[in-house]
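Observations on the three-dimensional arrangement
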Amino acid sequence: MTIAPASRAERTPENLPDRIRHVIGGESVDSLSGRTFEVLDPVSNEPYLRAAAGQADDVDRAVAAARVAFDEGPWPTLLPRARARILNRIADIVSSRDARLAELETFDTGLPITQALGQAQRAAENFRFFADLIVAQSDDTYKVPGRQVNYVNRKPKGVAGLITPWNTPFMLESWKLAPALASGCTVVLKPAEFTPLSASLWADIFREAGLPDGVFNLVHGLGEEAGDALVKHPDVRLISFTGESRTGEIIFANAAPTLKGLSMELGGKSPAVVFADADLDAALDSTLFGVFSLNGERCTAGSRILVERPVYDRFVERYAARATRVVVGDPRDPRTEVGALVHPEHYEKVMGYIELGKSEGRLVAGGGRPDGLETGNYVAPTVFADVKPEARIFQEEIFGPVVALTPFDTEEEALALANGVRYGLAAYLWTRDLERAHTFAQSLDCGMVWLNSHNVRDLRTPFGGVKASGLGQEGGYRSLDFYTDQQAVHISL
Ligand code: NAD
C-alpha cells in the first residue's frame, strides 16, 4: 500500500524560522562570510529554507565561546547534582515538545512520524540517563597499607567537538550532547547538512533549562568546511563522530596533528542469522522491522539475513510477502511505515544498489519506486534472495530499505558469512539452542549482538563497532570516560 503525500502547503510545519543559524555564545548568528546552503524537503526535493554555511572563522568563534565557558566556568566545576538538575530539565522540555520535534524531524528527514516521535522520546531519555549516571558516579581509590593512598581525580576534558549524521539527527545529537554536558565539557555541535532543522531547537531548550551561555555552541555547514575546521581546531580536545566509515578515516587523519581524543561510530552491514530451530514468526517480524524501520537508514540495520537451508525457501517466501505489504508514503501519516529517503543524492545511491542487485541476486520484493508515488525519494522495500557473499549488495552498506537474503548449511558457514564483511557493528541471532546462541554470539566480530530480540538498547551497555564500524565504545560510564581525563593522585602515608 502507498500513501500519497499532502500538498507542500499542508505538509510544511508552522512557525519555521526564516533561516537556520549558528548558535555561538548564546547568540543566534549568521556566518561571518554570509554564506548559506539550501535545505531540501525529501518529499518534494524542493528547497524550503537556507541554513548558515559555517566556515573556519565561524568555527573559531564557536570554539572560542566554548573555551571561555569552560575556562571561566561555572559549568565544568558545578556539583554533579547541579548539572544533573539541568539535564533533567532538558529531558522534561524535550519530552514536552516531542510532537513538535517529531513534526520537524519528519518534515526534514522523511522519517515516518510515529518513528520520529519515538526518537524524540529517546533523546529525552538520553539526558535522563546521563543525569542519573553523573550523580551516581564514583571513582576508584587504592590503598597500599602503611604506604600510600592513591585516588582518581576525574576532570572534564574541555571543548568537545560533536559531529553527527542525518539519520535520526536529533536523537543522535542527544547521544553525544548528554554525556559531554554531564561530564562538564563545553561543546561545539556540527549537525549533518542534509537535516539541520531539528538541531536548531536545542538552543531554546538549553536556555530554558538554565544551561549557561557558551556551554552549547552550534555551527551548521558542510562536512568538508565546518566539520573539517572543527576537527583541525587546536583548542578542541576531542571529537565524537558518527557517520560513514570513509569520513571516519578522513577525520582520523585530520585529527592526528592535534592529537585529539576520538570516538567513532561508523557504518554497518549487520547480519541477522536465523537458524531452523528459531521462533520463525518472531524472527520474521524482527528482521522486517530491523531493516525497514527508520527507512532502512539505520546504522544497526540487519541488512543481510542468513537463513539455515531447511527453512530458507519458506522464510524467503514469507519475508517477500510481508515486505510487499509494508506501507510506504507520506511520512506525516501515522499509518506510514517507510517514508521518503533523506535526500535525492542518497536516493540515487540506494536506487543504484537496487539496479546492481538485480544482477547479483533474485529480486523477490520491491525493486524500485513504489507505484503511485511519482515524486520524492520513495523506495519500495526491496528484497533480494540467493545473494552470494562476494556480491556488492552483500558487502557494502546501502543504508536504505534493501535487504539481502542468503542460505547457509552449517554453523561454521553461517559464522564465516556473518563475519565476512569489513564492518562489525551489530548482529541479530535467532535460535532456541542456548549453547549455540552464546558460543555463536561470542564468535561474531561485532560490537553488539541481540539474541532472539529486536534492537532494544540498554543505555548502560557498550555501544560501538569493531573493524570498519568504529573506534571505541560509548554507553554508560564509557561515555563519561571519553569526555573526562582521569588523573592519578598518589599520597604517601
Ligand atoms: P557522513 O560521514 O557523510 O557525515 C556525517 C557527518 O560528518 C556530517 O555532519 C558531515 O557534514 C560530517 N563530515 C563529512 N565530511 C567531513 C569531514 N571531512 N570532516 C569533518 N566532518 C565531516 O555520514 P552520513 O551520510 O551523514 O550518515 C550516514 C552514515 O552514518 C552511515 O554510514 C551510518 O551507518 C553511519 N551511522 C553510524 C552510527 C553508529 O552508531 N555506528 C549511527 C548512525 C549513523
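About the thresholds
Residues numbered from 1 in each chain as written. Predicted model: local features only at pLDDT ≥ 70, side-chain atom pairs only at ≥ 80, totals over all residues. Pairing = 2+ DSSP bridges. Helix = DSSP H or I, 4+ residues; strand = E, 2+ residues; numbered from the N terminus. Axes fitted to C-alpha atoms, helices over the stretch in contact; angles between N-to-C directions. Core = buried A, V, L, I, M, F, W, Y, C linked by C-beta atoms within 7 Å. Buried ≥ 20, exposed ≤ 12 C-beta atoms within 10 Å, placed from the backbone. Domains from an automatic or database assignment. Contact = placed C-beta atoms within 7 Å. UniProt positions renumbered as here; feature names shortened; annotations may be inferred. Near = placed C-beta within 6 Å. Nonpolar A, V, L, I, M, F, W, Y, C, P; charged D, E, K, R; others polar.

Section: the sheet that holds strand β18 (residues 402-408)
Pairing in this open sheet of seven strands is mixed, and the strands run β16-β17-β18-β14-β13-β20-β21 from one edge to the other. Edge positions in the sheet fall to β16 (362-365) and β21 (448-451), since each has one partner strand and no second. Averaged over all pairs of adjacent strands, the angle between their axes in this sheet comes to 25°, without regard to strand direction. Inspection of the sheet shows β16 paired to strand β17 (residues 382-385) by three bridges, in the antiparallel sense. Residue pairing across strands places Leu363 opposite Phe384, the latter belonging to β17.

With respect to the environment of Met351
Inspection of the secondary structure puts Met351 in helix α12 (residues 344-360). Along the primary structure Met351 and Asn377 are separated by 26 residues, whereas in three dimensions their C-alpha atoms are 9.8 Å apart.

Quick look at the nonpolar core
Core analysis: the biggest nonpolar cluster contains 148 residues, and Leu87, Val187, Val273, Val274 and Leu405 have the highest contact counts within it. In terms of residues, this core owes the most to one element, helix α5 (residues 113-136), which gives eleven residues. Taken domain by domain, this core gets at least three of its residues from each of domain 1 (11-266 + 469-488) and domain 2 (271-451). Residue contacts for Val187: discarding those within four places in its chain leaves Ala66, Ala160, Leu162, Leu177, Ala180, Leu181, Phe216 and Asn217.

Some words on the domain arrangement of the protein chain
Partitioning the protein chain into domains gives domain 1 (11-266 + 469-488) and domain 2 (271-451). On a C-alpha basis, the centres of domain 1 and domain 2 stand 31 Å from each other. Facing 23 residues of domain 1, the contacting portion of domain 2 comprises 25 residues. Contributions of two or more residues to the side of domain 1 that touches domain 2 are made by α4 (98-109) and α5.

Some words on the UniProt feature "active site" (unreviewed entry) in the protein chain
The positions that UniProt labels "active site" (unreviewed entry) are, in the present scheme, Glu265. Mapped onto the elements of the fold, Glu265 is located in strand β12 (residues 261-265). A residue is classified by how many C-beta atoms lie within 10 Å of it, and Glu265, with 27 of them, is buried. Look past the residues within four positions of Glu265 in its chain and what remains in contact with it is Thr242, Cys299, Gly464, Gly465 and Gly470.

Description of the site of the ligand
Around the ligand, a shell composed of 31 residues is seen, among which Pro165, Gly223, Gly227, Gly243 and Cys299 lie nearest. Counting residues per element, the ones that place at least two in the shell around the ligand are α8 (223-232) and α9 (245-255). Among the elements that line the shell around the ligand, the one with the most residues is α8, at five residues. Its residues assigned to classes, the shell around the ligand shows 13 nonpolar, eleven polar and seven charged. Each of domain 1 (11-266 + 469-488) and domain 2 (271-451) accounts for three or more of the residues forming the shell around the ligand.

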